[in-house]
Number of protein chains: 2
Amino acid sequence: MAQPHELRERGLRLTPQRELVLAAVRELDHATPEEIAEKVRQTHPGINLSTVYRNLETLENVGLVQHNHLGHGGASYHASEEVAHLHLVCGTCGSVGDAPIEAALNFVNSLSEEYGFRTDVSHFAVYGTCAVCSQAELS
Amino acid sequence: MAQPHELRERGLRLTPQRELVLAAVRELDHATPEEIAEKVRQTHPGINLSTVYRNLETLENVGLVQHNHLGHGGASYHASEEVAHLHLVCGTCGSVGDAPIEAALNFVNSLSEEYGFRTDVSHFAVYGTCAVCSQAELS
DNA sequence: AGACCACTTGCAAATGATTCGCAGATCTAC
DNA sequence: GTAGATCTGCGAATCATTTGCAAGTGGTCT
């Protein structure tokens with residue numbers, strides 16, 4: 001037999017639902033479980049929300065996807081291949097901006113040196129006010 | 001009449017529940033609404049959870065308390081007087097460590113200069129692995 | 001191809017956290 | 001003290017996520 005599938009390689013069964021969830025995560029980027037479910041349903045309406053939740057958990061366990069916390073509420077998911085970056089969440093307008101991990105390099109290093117704390121900067125949002133809203137406040 | 005009360009000064013009514021919630025927030029630090037309610041109930045059992053939620057919201061509106069996001073789930077509250085600091089949340093053991101805001105100063109400044117983003121570092125947790133758990137992983 | 005069994009799915013119900021609606025209680029100003 | 005707006009308690013509604021269970025399916029072995 002030819003190439004082993006990436007899911008099978010990790011000891012997972014190859015089900016259509018699972019592949020669809022993974023594809024949706026890769027395509028959407030920063031998507032909530034709800035959004036992922038909706039995306040999947042565009043092509044395969046029968047898929048249950050709990051299946052999406054369960055597969056996200058499963059895929060996270062084998063390291064294909066990861067979640068992080070952006071807004072005030074729940075988690076959002078992205079594929080592991082994606083280049084990690086910072087998420088700059090604006091508390092005023094809710095926008096999510098990106099910044100390269102390198103911007104936090106010194107910060108991460110100093111936490112490591114001074115507190116022995118290994119920071120995963122991309123897991124939680126960096127919260128604040130974006131340029132646009134900062135500007136607007138001045139008026 | 002003597003001194004105006006801090007709550008009254010801000011246009012709020014002075015109710016026992018409200019004072020108790022504020023006192024509990026000040027005393028507990030980093031407390032969830034649930035914990036605050038429990039604290040308040042130790043002395044005044046009749047107080048309703050929704051009253052706690054409503055008062056936290058109200059107190060936040062007038063700037064006496066603030067919330068932030070530490071664990072994966074809900075919010076935790078602290079009094080505004082409290083000195084702001086970073087929260088180092090360990091994803092492995094769940095501990096929450098503190099670090100002074102100054103540790104993030106360069107980081108905050110560079111985000112400000114490069115992206116115009118005004119960061120509120122204390123609002124969201126800094127996520128990673130604490131020294132103890134990092135050590136444990138090596139074994 | 002056929003059978004077996006563990007892994008998955010769908011569905012509905014449970015859960016946990018937070019919010020809402022409303023009637024009655026209570027603050028404050030007068 | 002009275003009036004009216006603001007709170008509170010309570011129960012129900014909501015939202016996101018999880019769980020139990022019976023039925024379905026994928027992978028393996030023959």
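Residues numbered from 1 in each chain as written. Chains lettered and ligands numbered in written order. Predicted model: local features only at pLDDT ≥ 70, side-chain atom pairs only at ≥ 80, totals over all residues. Heavy atoms only, no water.

J.: Got a minute to help me understand the sheet that holds strand β5 (residues 118–119) of chain A in this structure?
T.: Backbone hydrogen bonds hold the strands of a sheet together, and the pairing may be parallel or antiparallel. The strand order β5(A)-β6(B)-β3(B)-β4(B) describes an open sheet built from four strands, whose pairing is mixed. Only two strands of the sheet have a single partner each, and these edge strands are β5 of chain A together with β4 (96–100) of chain B. In this structure, β5 of chain A lies alongside strand β6 (residues 126–129) of chain B, joined through two bridges in antiparallel fashion. Counterpart to Arg118 of chain A in the pairing with β6 of chain B is Thr129 of chain B. Its contacts with the sheet put helix α6 (residues 131–138) of chain B on β5 of chain A together with β3 (85–90) and β6 of chain B, and the angle it makes with β6 of chain B is roughly 30°. (Pairing = 2+ DSSP bridges. Helix = DSSP H or I, 4+ residues; strand = E, 2+ residues; numbered from the N terminus. Contact = heavy atoms within 4.5 Å. Axes fitted to C-alpha atoms, helices over the stretch in contact; angles between N-to-C directions.)

J.: What should I look at first to understand the side chain of Ser76 of chain B in this one?
T.: Residues and elements named next belong to chain B. Tracing the chain through its elements places Ser76 in strand β2 (residues 75–79). Take Ser76: its relative accessible area is 5%, and that puts it in the buried class. The residues touching Ser76, leaving out its near neighbours within four places in the chain, are His30, Ala31, Thr32, Gln66, His67, Asn68 and Leu70. (Buried < 20%, exposed > 50% of the residue type's maximum accessible area, 1.4 Å probe, protein only.)

J.: What exactly am I supposed to notice about the interface of chain B and chain A here?
T.: Interfaces are often sized by the accessible area lost when the parts come together. The interface of chain B with chain A comprises 34 residues on the first partner and 34 residues on the second. Of the roughly 2,800 Å² buried where chain B meets chain A, counting both sides, 65% is carbon and sulfur surface. Joining chain B to chain A, the criterion identifies zero salt bridges. Viewed at the interface, chain A and chain B are joined by eight residue pairs in polar contact (both at pLDDT 80 or more). Those elements giving two or more residues to the side of chain B that touches chain A turn out to be β1 (65–69), β3, β4, α5 (105–115), β5 (118–119), β6 and α6 of chain B. Looking at the side of chain B that touches chain A residue by residue, the classes come out as 19 nonpolar, 11 polar and four charged. (Buried area = accessible area lost by both parts, 1.4 Å probe. Salt bridge = Lys/Arg side-chain N within 4 Å of Asp/Glu carboxyl O. Polar contact = N/O pair within 3.5 Å; in protein donor to acceptor, adjacent residues only side chain to side chain. Nonpolar A, V, L, I, M, F, W, Y, C, P; charged D, E, K, R; others polar.)

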